[in-house]
Amino acid sequence: MGASETPTIQTKTIVKGLVAGSVLVLLGVALPFAFEALIGFILNKMMIIDPSSLVYQEWQNPSLPVYQRFYFFDLQNPDEVLKGGTPEVKEIGPYSYRLFLPKENISFNSNDTVTFLQKYRYVFDPSESVGSEHDVFTSANIPMWSVVYMFRDAPKFLQVILAGIIGSVGEEPFIQLSVRQFVWGYDEPLFKWLNEKFPDLGLPEEFSEEFGFLLGRNDTEFGEYTVFTGVENISSVNLVDKFNGLPELNHWTSDYANQIVGTDGMMYHQDIKEDELLNLFHPDLCRSMPYTYVKDDELKGVPLKMFGIAPWAYQNSSVFPENEGFKVNDRDSVPTGLMRVDPCRFGSPMAVSNPHFFEGDPSLLQQVKGLKPDAEKHRNSFSIEPTLGMPFKLRMRIQVNQYMEKNDIIKQTGDVETMYMPVFWFENGVTATDILISYYDLGINLSGTIATLLHAFCLCIGSTLLVVFLAMGLFRLIERRNSGSSMTKLADDEAGERIEHDNLAYTKSKSDIEEERM
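So, how was this worked out
- Residues numbered from 1 in each chain as written.
- Predicted model: local features only at pLDDT ≥ 70, side-chain atom pairs only at ≥ 80, totals over all residues.
- Heavy atoms only, no water.
- Helix = DSSP H or I, 4+ residues; strand = E, 2+ residues; numbered from the N terminus.
- Buried < 20%, exposed > 50% of the residue type's maximum accessible area, 1.4 Å probe, protein only.
- Contact = heavy atoms within 4.5 Å.
- Areas by Shrake-Rupley, 256 points an atom, 1.4 Å probe, with all protein chains shown as cover.
- Phe/Tyr/Trp six-rings, centres within 6.5 Å; stacked < 30°, edge-to-face > 60°.
- Lys NZ or Arg CZ within 6 Å of the ring centre and 35° of its normal.
- Core = buried A, V, L, I, M, F, W, Y, C linked by side-chain atoms within 4.5 Å.
- Pairing = 2+ DSSP bridges.
- Expected span 1.5 Å × (residues − 1).
- Arc of directions from axis to C-beta.
- Salt bridge = Lys/Arg side-chain N within 4 Å of Asp/Glu carboxyl O.
- Lys, Arg positive; Asp, Glu negative; His and termini not counted.
- Patch = residues over 30% accessible without salt bridge, like charges linked within 9 Å, V, L, I, M, F, W, Y side chains within 5 Å.
- Charge placed at Lys NZ, Arg CZ, Asp CG, Glu CD.
- Axes fitted to C-alpha atoms, helices over the stretch in contact; angles between N-to-C directions.
- Nonpolar A, V, L, I, M, F, W, Y, C, P; charged D, E, K, R; others polar.
- Polar contact = N/O pair within 3.5 Å; in protein donor to acceptor, adjacent residues only side chain to side chain.

### Description of the overall build of the protein
Per the secondary structure count, the protein includes 11 helices and 18 strands. Burial analysis of the protein (518 residues in total) assigns 46% to the buried set. Considering only contacts in the protein between residues 6 or more positions apart, those separated by 24 or more positions represent 67%. Accessible surface, the protein: about 26300 Å² in total, of which carbon and sulfur atoms supply 56%.

What follows is the structure in structure tokens.
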């Protein structure tokens, strides 16, 4: 009885081992998919614009340090330029302002969108700057060149009057300004005269007597945004639906140019792929700007994917026909690498580009001495963590260039060559803090490592159990077969002995019979 029970117990053990190994292998195979689904579920609840989400407070009032850094082109030879010479510039900067971006008047709508006012507050940061706001540089006189351009097709007598006004108020084609004056404003008598004599020009109220790049912009709202929350459709999170109540811009002459697509650059959808086209909308760009994959990047060990302004973004319409809608007129040449923004800059003949004309037409660099394009310094880009869809590094870089041309009636323009004069460039920069990186390490990186280890553990142990117990099963099967063969041989031997005994007995009986007959 005991001999027959032992094989039964061993067989059950082998079966249990095989089942356990199979379960562990299947668990190991399924773990990555289960983990991905779990992370996706968590992120879908976390990376949305909703008061209950973990990112809501950061979205509402970002704690990440955002800086707007200004770099100015100090003109070294203004007199030569007026005589038709080539401008020579020297870059000075950065002059950095910490930028605070609280959202106000937040209102959630019934169509999965939220509307808010975006407020801007600037604070100069000497520790991030090369000097003070009182540093002085020589620049093109933007108001003068702009007004001359606006009057270039006016009747001759009006241009003569304008030339007289320019002279009487002491305007010069190139002027010295401090950083503070250029950014925040200075008295501009030419604007005062224009507003009095030509109110139909439509200059904004803040430019009635002053001019400055950020005049009237500090501690004020800069437009009303309506963006998707992602609650109902996570792939649309933070996409701009409307700006100032409109679903598209009205600056340009085509639907493509006026479209509002993309986000503000602070958050995108999850699971970003290299072949995607990502768009960034910002009012300073006067358009939605397309970005394409450039290369892999990293920040303190966090793998990122860098996206830069698409190659066609600053191409003229002869190279990229869809950009025809950005064309302001047929008269002024706009080389590839520039985009005129007159319609959203009150008619001022200004063009934006990459800093130092990076990736622009070579002719642009031939017009100015002192520019040194560098991809690392001058590429407009952001580096995004693809799982979260959140940029860990943002470098929105824009150069502002003043269009200048000679006017034979307005003598203050001298013999200047027709050109786009670089005035300054700025960078809106954000870099993820150590706290955000630690959240990534704990929430994504560490969890992924644990899941990988569990995946490997289950596959390793499960495979080992399968191999061991399969071997035990095969061994038991062979053992049982061998045992069966031995029993068969023993039975055959016993049968053979019986047959042999019977044969001997038969032989003996036959001989006895023969003897008896004899």
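### Some words on the environment of E248
Counting through the fold element by element, E248 comes out in the loop between β10 (240-243) and α8 (255-258). Considering only alpha carbons, one finds E248 and I260, 12 residues apart in sequence, at a separation of 5.2 Å. If near-sequence neighbours (up to four positions away) are discounted, E248 is found in contact with D255, N258 and I260.

### Some words on helix α4 (residues 142-150)
Extensive coverage of α4 is indicated by the burial of eight of its nine residues. Buried residues of α4: I142, P143, M144, W145, S146, V147, V148 and Y149, and no others.

### Quick notes on the packing of aromatic side chains
Enumeration according to the criterion identifies 40 aromatic pairs in this entry. Measuring from ring centre to ring centre gives 5.4 Å for F243 and F281, while their planes differ by 65 degrees; the resulting arrangement is edge-to-face. Taken together, the residues F243 in strand β10 and F281 in strand β11 (residues 278-282) connect sequence positions 38 residues apart. Taken individually, F243 and F281 each receive the classification buried, so the pair is uniform in this respect. One Lys or Arg, K103, reaches over the ring of W59 and ends 5.0 Å from the middle of that ring. Looking at R121, its charged tip hangs above the ring of F100, at a distance of 4.6 Å from the centre.

### As for the nonpolar core
With 118 residues, the main nonpolar core has F70, F72, F182, F382, F392 and F424 as its most contacted residues. Not counting the four nearest positions on each side in its chain, F382 is found in contact with Y268, L278, L280, Y291, K305, M306, F307, P391, K393 and L394.

### Quick look at the pairing of strand β6 (residues 174-178)
A large share of β6 lies buried, amounting to four of its five residues. When strand β5 (residues 136-140) meets β6, the two strands line up antiparallel, connected through five bridges. The residue bridging V136 from the neighbouring strand is S178, located in β6.

### Some details on unusual backbone geometry
In this model, G93 is joined to P94 through a cis peptide bond whose omega is 10 degrees. As for its position among the elements, P94 is in strand β2 (residues 89-100). Although it is not a glycine, N105 adopts a positive phi angle of roughly 50 degrees. With respect to the helices and strands, N105 occurs in strand β3 (residues 103-108). Here the phi dihedral of C286 falls at roughly 60 degrees; this positive angle occurs in a residue that is not glycine. In this structure, C286 sits in the loop between β11 and β12 (287-299).

### Focus: helix α5 (residues 156-168)
The end-to-end C-alpha distance of α5 is 18 Å, a good match for the 18 Å that 13 residues give at a rise of 1.5 Å each. Inspection of α5 places L158, Q159, L162, A163, I165 and I166 among the buried residues, and these make up the whole buried set. What you see down the axis of α5 is that its buried residues fit within an arc of 160 degrees, all on one side. Of the exposed residues in α5, the ones pointing more than 90 degrees away from its buried face are K156, F157 and S168. Check the buried side of α5 and you find it contacts α4 and α7 (189-197).

### Looking at the pattern of salt bridges
Two side chains bearing opposite charge may form a pair once their charged atoms approach each other closely. For the structure on display, the rule yields 22 salt bridges. Across the pair K119 and D219 runs a salt bridge whose closest N-O atoms are separated by 3.6 Å. One end of the pair, K119, is in strand β4 (residues 113-124); the other, D219, is in the loop between β8 (210-211) and β9 (220-228), with 100 residues separating them in the sequence. Look at K119 and you get buried, because its relative accessible area is 17%. You can call D219 partly exposed: its relative accessible area is 43%. Residues E427 and R397 are paired through a salt bridge, measuring 2.8 Å at the closest nitrogen-oxygen approach. In this pair, E427 is assigned in strand β18 (residues 419-431) and R397 in strand β17 (residues 390-404), connecting sequence segments 30 residues apart. Comparing E427 with R397 shows no difference in burial state: the two are buried.

### Here's the deal with the side chain of E188
One can find E188 in the loop between β7 (186-187) and α7. Of the side chains with opposite charge, K192 lies nearest to the buried E188, which makes no salt bridge, at 11 Å. Apart from the residues within four sequence positions on either side, E188 is in contact with N141, P143, E171, E209, E210 and F211.

### A few points about a negative patch on the surface
On the surface, D187, E196, E209 and E210 cluster together into a negatively charged patch. Judged by its relative accessible area of 64%, D187 is exposed.

### Thoughts on the packing of α4 against α7
When two helices pack together, you describe them by how their axes are tilted relative to each other and by the distance separating the axes. As a packed pair, α4 and α7 sit with axes 9 Å apart at the nearest point and diverge in direction by 35 degrees. Along its contact with α4, which presents P143, M144 and V147, the element α7 presents L190, F191 and L194. Counted by class, the contact of α4 with α7 contains six nonpolar, no polar and no charged residues.

### Thoughts on the environment of V261
Relative to the assigned elements, V261 resides in the loop between α8 and β11. Distance from V261 to L280, taken between C-alpha atoms, is 7.2 Å for residues 19 residues apart in sequence. Discounting chain neighbours no more than four positions away, the residues touching V261 are N279, L280, F281 and S288.

### What to know about the side chain of R340
Tracing the backbone through its elements, the reader meets R340 in strand β14 (residues 338-340). Reaching out from R340, the side chain makes a polar contact with the side chain of Y149 at a distance of 3.0 Å. A distance of 3.3 Å separates polar atoms of two side chains, one belonging to R340 and the other to D332. In this structure, R340 is in contact with Y149, W252, F326, V328, N329, D332, V334, P349, M350, A351, Y403 and Y420, ignoring residues within four places of it in sequence.

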